[in-house]
Every structure is written in C-alpha cells, then in structure tokens.
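Understanding the architecture of this molecule
So the chains spell out like this:
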Amino acid sequence: QAAGGVPIGFANPEIYQRYQRLGPAAFHDVTDHPGGQTFALAIDEGMSDGVQGGSLFTLGADWMLHATAGYDDVTGVGSPAPGYLRSFR
C-alpha cells in the first residue's frame with residue numbers, strides 16, 4: 001500500500017492465488033513454537049464505543065490457537081517470503 005499509494009482492499013484472494021501459483025516456497029510457514037513463544041495479535045475494530053483494541057495470544061497455548069505445518073485457520077498460508085514479494089515485479 002505504501003509503495004502504490006492506494007489501498008489494496010481485501011487481499012485474501014490475491015494471496016491465495018499467488019500461493020497456488022508460486023507454491024509454499026514463497027511463504028514463511030508460521031507454526032507453534034515448542035515453547036509457546038509465537039504470538040498473534042487480534043485487533044478489534046469498530047467497537048461500539050468507537051475505540052480500537054487488541055489482544056495478544058500465544059499460538060499453541062491460548063484459546064486453542066494452533067498454527068500447524070502448511071495451511072491452518074490461524075495463520076493461513078503464512079507470511080510473505082522474498083519469492084512472494086518478487087512476484088509483484
């Protein structure tokens with residue numbers, strides 16, 4: 001968004017299309033750390049009082065959030081790796 005100067009909108013379809021086209025090597029797989037040290041931030045937007053808030057969770061330890069190898073409901077396909085970022089050129 002910063003480089004393009006315009007919002008990208010709902011990015012999920014584009015992310016998953018690139019995952020199918022580029023494969024898992026274009027993403028860093030995010031998994032539970034054996035010591036429970038991988039964290040996720042959940043941001044609550046548009047609360048009734050107009051205040052934004054958030055919660056920090058430990059993957060694999062809190063709220064049954066388990067980041068497993070490959071796709072999972074917590075981290076999706078993972079975070080972008082250099083191959084993903086180069087695919088925009």
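Residues numbered from 1 in each chain as written. Predicted model: local features only at pLDDT ≥ 70, side-chain atom pairs only at ≥ 80, totals over all residues. Heavy atoms only, no water.

Thoughts on the overall build of the protein chain
Looking only at helices and strands, one finds two helices and four strands in the protein chain. Scanning the protein chain from its N terminus toward the C terminus, one meets helices and strands in the order α-β-β-β-β-α. Taken over 89 residues, the protein chain has a buried fraction of 18%. Sequence separation of 24 or more characterises 49% of the internal contacts of the protein chain that already satisfy a separation of 6 or more. Carbon and sulfur atoms provide 57% of the accessible area of the protein chain, an area that totals close to 6,500 Å². (Helix = DSSP H or I, 4+ residues; strand = E, 2+ residues; numbered from the N terminus. Buried < 20%, exposed > 50% of the residue type's maximum accessible area, 1.4 Å probe, protein only. Contact = heavy atoms within 4.5 Å. Areas by Shrake-Rupley, 256 points an atom, 1.4 Å probe, with all protein chains shown as cover.)

Description of the packing of aromatic side chains
Taken as a whole and assessed by the stated rule, the structure comprises three aromatic pairs. With 5.1 Å between their ring centres and 50 degrees between their planes, F27 and Y84 make a pair best called tilted. Residue F27 is located in strand β1 (residues 27–28), and its partner Y84 is located in helix α2 (residues 82–86); the two are separated by 57 residues in the primary sequence. What makes F27 buried here is its relative accessible area of 7%. Residue Y84 is classed as buried on the basis of its relative accessible area of 8%. Ring pairs connect the aromatic residues Y19, F27 and Y84, which therefore count as one cluster. (Phe/Tyr/Trp six-rings, centres within 6.5 Å; stacked < 30°, edge-to-face > 60°.)

With respect to the side chain of S87
Tracing the chain through its elements places S87 in the segment after α2. One polar contact links the side chain of S87 to the main-chain carbonyl oxygen of Y84, over a distance of 2.5 Å. For S87, the residues in contact, after removing those within four places along its chain, are R18 and L22. (Polar contact = N/O pair within 3.5 Å; in protein donor to acceptor, adjacent residues only side chain to side chain.)

Considerations on the pattern of salt bridges
All told, the structure shown has one salt bridge when counted by the stated rule. We note a salt bridge from E14 to R18, for which the minimum N-O separation is 2.5 Å. You can see E14 and its partner R18 sitting in helix α1 (residues 12–22), four residues apart, about one turn around the helix. Accessibility expressed as a relative area gives 31% for E14, which makes it partly exposed. (Salt bridge = Lys/Arg side-chain N within 4 Å of Asp/Glu carboxyl O.)

Points about the environment of M64
Residue position: M64 is located in the loop between β3 (53–58) and β4 (79–80). Between the C-alpha atom of M64 and that of V74, which follows or precedes it by 10 residues, the distance is 9.8 Å.

Quick look at the confidence of the model for the protein chain
Summary statistics for the protein chain give a mean pLDDT of 75 and a share of 64% for residues scoring 70 or more. Of all the helices and strands in the protein chain, strand β2 (residues 39–44) carries the lowest mean pLDDT, 60, while α1 carries the highest, 90. (pLDDT = per-residue confidence, 0-100.)

Regarding the side chain of D72
Following the sequence through the fold, D72 ends up in the loop between β3 and β4. Among the polar contacts listed, one links the side chain of D72 to the backbone nitrogen of T75, at a separation of 2.7 Å. Aside from chain neighbours lying at most four places away, what touches D72 is V30, H66 and A67.

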